[in-house]
Amino acid sequence: MGSMARAMTALSADIFKAYDIRGLYGSDIDEDAAELIGRAFARVIADLEGKPTQELRLGLGRDMRLTAPDLAAHYRDGMVGEGASVLDAGQVGTEMLYYLVGSRQLDGGLMCTASHNPKPYTGAKLVKRGAIALSGDAGIQDVRRLIEAGLNDPPGGGHVEEVDVYEEFQRAVLQFVDPAVVKPLRVVVDGGSGMAGPMVGPLLRELGLDLVETSWTPDGDFPDHEPNPLLPENRDLIMRRVVAEGADLGIAWDGDADRCFFIDDGGSFVDGDFLTALLADSMLRKEPGGTILYDVRASRAVPDTVERAGATVLINRVGHAYFKTRMRDEHAVFGGEVSGHYYFRDFYCADSGTIPALLILELVSVEGKPLSELLDPLRSRYFISGEINSEVSDPAAKIEEIAAQYADARQSRLDGISIDYDDWHFNVRSSNTEPLLRLCLESLVSREDMERRRDEVLALIRA
């Protein structure tokens, strides 16, 4: 019992985040903590399903982090200790765990991953039935409370079944495109030494692409760069390689490979807003009149594209738990967040880093135009600031100040505050985890107009 008591006092409330559990290996999350989290997770799912833990079927996956095999074994021991049957998929990309939970109609699943975080981190992404994420307000804090209250001796009686979902997953995602139309494009791929190589690599080779592979082998030491392509220093390499190789495009994935990012033929990074617009266009060609979701931070390029296609577009709060639930409620065919999360109704409403890669390769092939040319109409009309963070001591008061300052605008409080004028608009929202306000602003006039308005709003936020 000594080790359990020790782990309980060591579990910091800070590791229980808005969308996952995450912290430093050893000091925040160790093997004892993993076992407790596995046990509490099984109980939370049993409660949601209204049945005893002994009747649960739960999925388990882990990424390539050096600590993952050990920690995943302890998450598994925790779930099995509570009596659950665990389907262990081994080393997979996060969306493969979603696929396992969705396709086998499991009660829930746990992915041992710290996503795009640096090497010392570890964590877990937790989902309930239908591969819907648990979030801070729905499930994750319940896990914390159960552990803090103390878990008595586990009933035991569960068992483990090892499953291999690679081939089945790859066949399922290939259904999203017509492989016959994909041309042998030259593509630089950067897996960030994460899970993209084994997950997506076989599909790209099967499509006959001319691949230039970098950081393509899973390696939890991350020898080339951290697995976070949103940081400019981590995408510098692929941007240069696309140009040096004369490639048609570049695709980079984060560590657990559930997000992908694109570099066009000129070596420029493709903003998530514009990628969402292209993916919406692609999905609406396959399902005319379908419903598309986008987030409050996005460029008007997204609703304009969808409305031009004669389809329905709905704005949504940021965060995958919110997206997945709303996707289901609205039967939306596709949803996109500017942070690189792209959700597909026919993939259990889950986010995928594989399907967008396939869709963009198909779109570039079918259009017979370089990616930069497909983006030109968007880049020349919509001038976006990207997300800009400011430290603010009282975020709520600052949001009220913004509301008063722009009282003549259309205003929405769906997520933070959105201020809308005909030719420019912005959203300001609080960080879930830090005393920060995040600004995304767009002008439909010019880059100069965007910069002027951006500086004006930042001055107000930082005053």
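(A) View of the sheet that holds strand S11 (residues 260-263). Taken together, four strands build an open sheet; the order of strands is S9-S8-S10-S11 and the sheet is mixed. Each edge of the sheet is formed by a strand with only one pairing partner; in this case those strands are strand S9 (210-214) and S11. Within the sheet, the average angular offset between the axes of one strand and its neighbour, ignoring direction, is 20 degrees. Of the strand pairs in this sheet, strand S8 (residues 186-190) and strand S10 (residues 249-253) are connected by four bridges, and their pairing is parallel. Bridging across to S10, Val187 finds its partner in Leu249. Lying over the sheet, helix H8 (residues 232-244) contacts S8, S9, S10 and S11, oriented at roughly 165 degrees with respect to S8.

(B) Structural view of the layout of surface pockets. Here the second largest pocket is characterised by a volume of approximately 270 Å³. Every residue lining the second largest pocket is counted, 15 residues in all, and those nearest its centre are Leu278, Asp281, Leu374, Pro377 and Leu378. Broken down by secondary-structure element, the contributors of at least two residues to the lining of the second largest pocket are helix H9 (272-286), helix H10 (301-308), helix H12 (355-367) and helix H13 (371-379). For the lining of the second largest pocket, a count of residues per class yields seven nonpolar, one polar and seven charged.

(C) Structural view of empty space enclosed by the protein. Summed over all chains, the structure comprises one cavity of 30 Å³ or more. Of the pockets and cavities examined, the largest cavity occupies roughly 30 Å³. What lines the largest cavity is simply Cys260, Phe261, Phe262, Phe269, Val270, Asp271, Gly272, Leu275 and Tyr342. If you list the elements that add at least two residues to the lining of the largest cavity, you get S11 and H9. Counting residues per element, the lining of the largest cavity draws most heavily on S11, which supplies three residues. Its residues placed into classes, the lining of the largest cavity shows seven nonpolar, one polar and one charged.

(D) Broad picture of the sheet that holds strand S12 (residues 291-295). A sheet is described by the order of its strands in space; here five strands give the open sequence S13-S12-S14-S15-S16, paired in mixed fashion. For this open sheet the edge positions go to strand S13 (312-316) and strand S16 (350-351), each flanked by a neighbour on one side alone. Pairing analysis gives three bridges linking strand S14 (residues 334-336) to strand S15 (residues 342-344), with the strands arranged antiparallel. For Gly335, the partnering residue across the bridge sits in S15 and is Tyr343.

(E) Molecular detail of the packing of aromatic side chains. Tallying each qualifying case throughout the model produces 16 aromatic pairs. Centre to centre, the rings of Tyr99 and Phe347 are 6.5 Å apart; their planes meet at 15 degrees, and the pair counts as stacked. Of the two residues, Tyr99 is situated in helix H4 (residues 94-103) and Phe347 in the loop between S15 and S16; the sequence distance between them amounts to 248 residues. Consider the rings of Tyr421 and Trp424, whose centres lie 5.2 Å apart with planes at 10 degrees: the pair is stacked. Here Trp424 falls in the buried class, since its relative accessible area comes to 4%.

(F) Layout of the state of the cysteines. A complete count under the given rule lists zero disulfides for this structure. Considering cysteine sulfurs only, Cys349 is the nearest to Cys260, which forms no disulfide, with 18 Å between them.

(G) Here's a closer look at the nonpolar core. Core analysis: the biggest nonpolar cluster contains 81 residues, and Leu204, Trp253 and Leu371 have the highest contact counts within it. Those residues in contact with Leu371 that sit more than four places away from it in its chain are Leu249, Phe262, Ile263, Asp264, Asp265, Val270, Leu278, Ile360 and Val364.

(H) Expanded view of the packing of H9 against H10. Orientation of H9 relative to H10, taken along the N-to-C sense of each, is 15 degrees, at an axis distance of 8 Å. The angle between the axes of H9 and H10 places the two elements in the roughly parallel class. The chirality of how H9 crosses H10 is right-handed. Contacts from Asp273, Phe274, Thr276, Ala277, Ala280, Asp281 and Leu284 in H9 reach Ala301, Val302, Thr305 and Val306 in H10. Its residues assigned to classes, the contact of H9 with H10 comprises seven nonpolar, two polar and two charged.

Conventions we followed
- Residues numbered from 1 in each chain as written.
- Predicted model: local features only at pLDDT ≥ 70, side-chain atom pairs only at ≥ 80, totals over all residues.
- Heavy atoms only, no water.
- Pairing = 2+ DSSP bridges.
- Helix = DSSP H or I, 4+ residues; strand = E, 2+ residues; numbered from the N terminus.
- Axes fitted to C-alpha atoms, helices over the stretch in contact; angles between N-to-C directions.
- Contact = heavy atoms within 4.5 Å.
- 1 Å grid on protein atoms, 1.4 Å probe; cavity = no way out; pocket = protein on both sides within 12 Å on 5 of 7 lines; lining within 4 Å.
- Points joined across faces, edges and corners; volume = space filled by probe spheres on them.
- Nonpolar A, V, L, I, M, F, W, Y, C, P; charged D, E, K, R; others polar.
- Phe/Tyr/Trp six-rings, centres within 6.5 Å; stacked < 30°, edge-to-face > 60°.
- Buried < 20%, exposed > 50% of the residue type's maximum accessible area, 1.4 Å probe, protein only.
- Disulfide = S-S within 2.5 Å.
- Core = buried A, V, L, I, M, F, W, Y, C linked by side-chain atoms within 4.5 Å.
- Parallel < 35°, antiparallel > 145°, perpendicular 65-115°, else oblique.
- Left-handed = near helix turned anticlockwise from the far one by under 90°.

Taken by themselves, the reported measurements are silent on function.
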